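Architecture at a glance
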Amino acid sequence: MKKIVVATTNNNKVNRLKKLLEGLDYELVSLKEVTDKELPEPEEKASTPVEIAIEKAIHYSKFMPEGTVILTQDDTIQFEGIDENDNPRLHIKAPVKEKYGKFTDELAAQYYKALAEKYGGTIPMKFVYGHAVAIKVNDNGRYLTKVIGAESKLEVRLVNRINKLEKSTGYFLAALMEANVDGKWIPYNDLDEESLVKLDIDLYNSITALLRNISVSYTHLRAHETGAY
């Protein structure tokens, strides 16, 4: 079983990916499970979720042993039919901090609940996820990082009701989202596992393709290093 380090300390995000990739030959672990050191946060200078995910993957691979596969994610949200000044896109936390002076899940839920109320109670919403996988390899005594990225999407809607915020620590939007399942809008935190997996099919396809490609790349690099190429 291949060990994949998910570069986050958010257990909800790790568990979501574990459920999504259940049954495949991968063991997903968080940063906390592979190091007891507090690693520095990466600088996020890029302007798209995929580019930011790649930045994160390169950053965290520096702290990992050779051959460790790193999986990173970044996301942006796009609201439809609202004033562009209300559209946070890459900066989901920024308007919350601006209004309240700090960020917590509770304050963020209140902010986005009020935003939904401002536009009639519901706002069509799209998550655009950036994913990246990286692996550090030894190239004749030099450490290099092989990294690839991809994008996936999830279409839901934001509502003016907070549902089970305690269930989604670190992922507050789950308490304010509804997903269309077989023509019926259901609160995201009330979805069963089968529905969640169905909704995340684009996420699944994106991540598994990246993991397959990085595995092939690493096998190719190792064969070249040992003269078997």
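Thresholds, definitions, all that
- Residues numbered from 1 in each chain as written.
- Predicted model: local features only at pLDDT ≥ 70, side-chain atom pairs only at ≥ 80, totals over all residues.
- Heavy atoms only, no water.
- Buried < 20%, exposed > 50% of the residue type's maximum accessible area, 1.4 Å probe, protein only.
- Helix = DSSP H or I, 4+ residues; strand = E, 2+ residues; numbered from the N terminus.
- Pairing = 2+ DSSP bridges.
- Salt bridge = Lys/Arg side-chain N within 4 Å of Asp/Glu carboxyl O.
- Contact = heavy atoms within 4.5 Å.
- Core = buried A, V, L, I, M, F, W, Y, C linked by side-chain atoms within 4.5 Å.
- Axes fitted to C-alpha atoms, helices over the stretch in contact; angles between N-to-C directions.
- Arc of directions from axis to C-beta.

Okay, the pairing of strand β6 (residues 177-181) next. For β6, the buried fraction is high: 4 of the 5 residues fall into the buried class. Relative to β6, strand β5 (residues 142-159) runs antiparallel, the two sharing 2 bridges. Among the inter-strand pairings, Arg157 is bridged to a residue of β6, identified as Glu178. As paired strands, β6 and strand β7 (residues 184-187) are joined by 4 bridges and run antiparallel to one another. Counted as the bridge partner of Glu178 is Pro187 from β7.

As a further point, take the pattern of salt bridges. Taken as a whole and judged by the stated rule, the model has 12 salt bridges. One salt bridge in this structure joins Glu193 and Lys19, with 3.3 Å as the shortest N-O distance. Of this pair, Glu193 sits in helix α6 (residues 193-199) while Lys19 sits in helix α1 (residues 11-20), and the two are 174 residues apart along the sequence. Its salt-bridge partner being Glu43, residue Lys45 comes within 3.6 Å of it at the nearest N-O pair. Like Glu43, Lys45 is exposed.

Examined against the element boundaries, Phe63 turns out to sit in the loop between α3 (49-61) and β3 (69-79). You can call Phe63 partly exposed: its relative accessible area is 38%. In this structure, the C-alpha to C-alpha distance between Phe63 and Glu155, residues 92 residues apart in sequence, is 35 Å. The residues contacting Phe63, other than those within four sequence positions of it, are Leu39 and Pro40.

Glancing now at the nonpolar core. Ranked by size, the top nonpolar core spans 51 residues in total, and within it Phe79, Tyr112, Met125, Phe127, Leu158 and Leu173 carry the most contacts. In this structure, Leu173 is in contact with Ile77, Ile92, Tyr112, Met125, Phe127 and Leu158, ignoring residues within four places of it in sequence. If you look at the next biggest cluster of nonpolar residues, it comprises 12 residues, including Leu39, Met64, Ile70 and Ala132.

Now for the environment of Phe172. Mapped onto the elements of the fold, Phe172 is located in the loop between β5 and β6. Sequence separation between Phe172 and Glu106 is 66 residues; the distance between their C-alpha atoms is 7.8 Å. Each residue touching Phe172, except ones within four places of it in the same chain, is listed here: Ile92, Phe103, Asp105, Ala108, Ala109, Tyr112 and Leu165.

Turning to the sheet that holds strand β2 (residues 26-30), a few remarks are in order. Pairing is mixed in the open sheet, where 7 strands are placed in the order β2-β1-β3-β4-β5-β6-β7. Two strands lie at the open edges of the sheet, namely β2 and β7, each paired on one side alone. Between one strand axis and the next, the sheet turns through 40 degrees on average, direction left out of account. Where strand β1 (residues 2-6) meets β3, 3 bridges bridge the pair, whose relative direction is parallel. Looking across to β3, one finds that Ile4 is bridged to Val69. Packed on one face of the sheet, α3 meets β3, β4 (122-139) and β5 and runs near 155 degrees to β3. Relative to the sheet, helix α5 (residues 105-118) contacts β3, β4 and β5, its axis offset from that of β5 by approximately 45 degrees.

Within α1, the full set of buried residues consists of Val14, Arg16, Leu17 and Leu20. Buried residues along α1 cover an arc of 160 degrees about the axis, so they all sit on one side.

Just geometry here; none of it tells us what the structure is for.
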